[in-house]
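The chain contents come next:
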Amino acid sequence: MRASPRGFGLGEEFDLARYRRAMGVNLDGVVFGVHAALPAMRAGGVIVATASMAGIVGIPSDPVYAANKHAVVGLVRSLGPQLEPLGIRVQGLCPSFADTAILDAEAKALLDELKFPILDVETVVDAFFSLLASEGSGECWFVVPGRESQPFLFRRAPGPR
């Protein structure tokens, strides 16, 4: 199993401390944030969890990151219907690579070499405001270059016959 310099897999390169840190920031941060916000949201409102396109697709170069972002997507999809009767909407924002400080020169060069376009931050902000203006809950909005942001349409899982 080979991972990128940024990511890591579950083989020899697995590092428990890095794993816990990644899960702590990317999943636990959302869980604890929602838990802390709920008492203040008795009058309603919108919780927006930042996930990633890595929460919708697999990322072979960084399966741990993909796993925690998939968990955030699952949390949003589960909490949305649960909290909506209380007047609280829960939405997920799932951008691809955006031009922020997290994306250093090495990463930008790699994406450029792969001809993978980088989002302007303004595009992500516009998607955020569209998500807020929507009436949905439990949705995960994709934000990718060249496409209008909207909720990702998950296929329905097969149920019993």
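See above for the structure.
Residues numbered from 1 in each chain as written. Predicted model: local features only at pLDDT ≥ 70, side-chain atom pairs only at ≥ 80, totals over all residues. Heavy atoms only, no water.

Chemist: Could you clarify how one ought to interpret the overall build of the chain in this entry?
Modeler: Along its length, the chain carries four helices and four strands. When the helices and strands of the chain are listed from N to C terminus, the series reads α-β-α-β-α-α-β-β. Projected onto the principal axes, the alpha-carbon positions of the chain cover approximately 45 × 40 × 35 Å. The buried share of the chain, taken over its 161 residues, is 35%. A separation threshold of at least 6 residues defines the contact pool for the chain, and within that pool the share at least 24 residues apart is 60%. Of the roughly 10200 Å² of accessible surface on the chain, 59% is carried by carbon and sulfur atoms. (Helix = DSSP H or I, 4+ residues; strand = E, 2+ residues; numbered from the N terminus. Buried < 20%, exposed > 50% of the residue type's maximum accessible area, 1.4 Å probe, protein only. Contact = heavy atoms within 4.5 Å. Areas by Shrake-Rupley, 256 points an atom, 1.4 Å probe, with all protein chains shown as cover.)

Chemist: Would you mind going over unusual backbone geometry with me for this structure?
Modeler: Located in the positive-phi region is lysine 115, a residue other than glycine, with phi close to 60°. Along the chain, lysine 115 falls in the loop between helix H3 (105-113) and helix H4 (121-133). The exposure class assigned to lysine 115 is exposed, which follows from its relative accessible area of 72%.

Chemist: How do you make sense of the packing of aromatic side chains when you look at a structure like this?
Modeler: Two aromatic rings, taken as a pair, are described by how far apart their centres are and by the angle between their planes. Applying the stated criterion across every chain yields a total of four aromatic pairs. For the pair phenylalanine 97 and phenylalanine 116, a centre-to-centre distance of 5.6 Å together with 85° between the ring planes defines the contact as edge-to-face. Placement of the pair is phenylalanine 97 in the loop between strand E2 (88-95) and H3 and phenylalanine 116 in the loop between H3 and H4, with a sequence separation of 19 residues. Residue classification places phenylalanine 97 among the partly exposed positions, given a relative accessible area of 40%. Among the residues examined, phenylalanine 116 registers a relative accessible area of 36% and is labelled partly exposed. Taken together, a centroid distance of 5.5 Å and an interplanar angle of 75° make the contact between phenylalanine 128 and phenylalanine 129 edge-to-face. The side chain of arginine 77 reaches across the aromatic face of phenylalanine 154, ending 3.7 Å from its centre. (Phe/Tyr/Trp six-rings, centres within 6.5 Å; stacked < 30°, edge-to-face > 60°. Lys NZ or Arg CZ within 6 Å of the ring centre and 35° of its normal.)

By themselves, these observations are geometric and do not establish any function.
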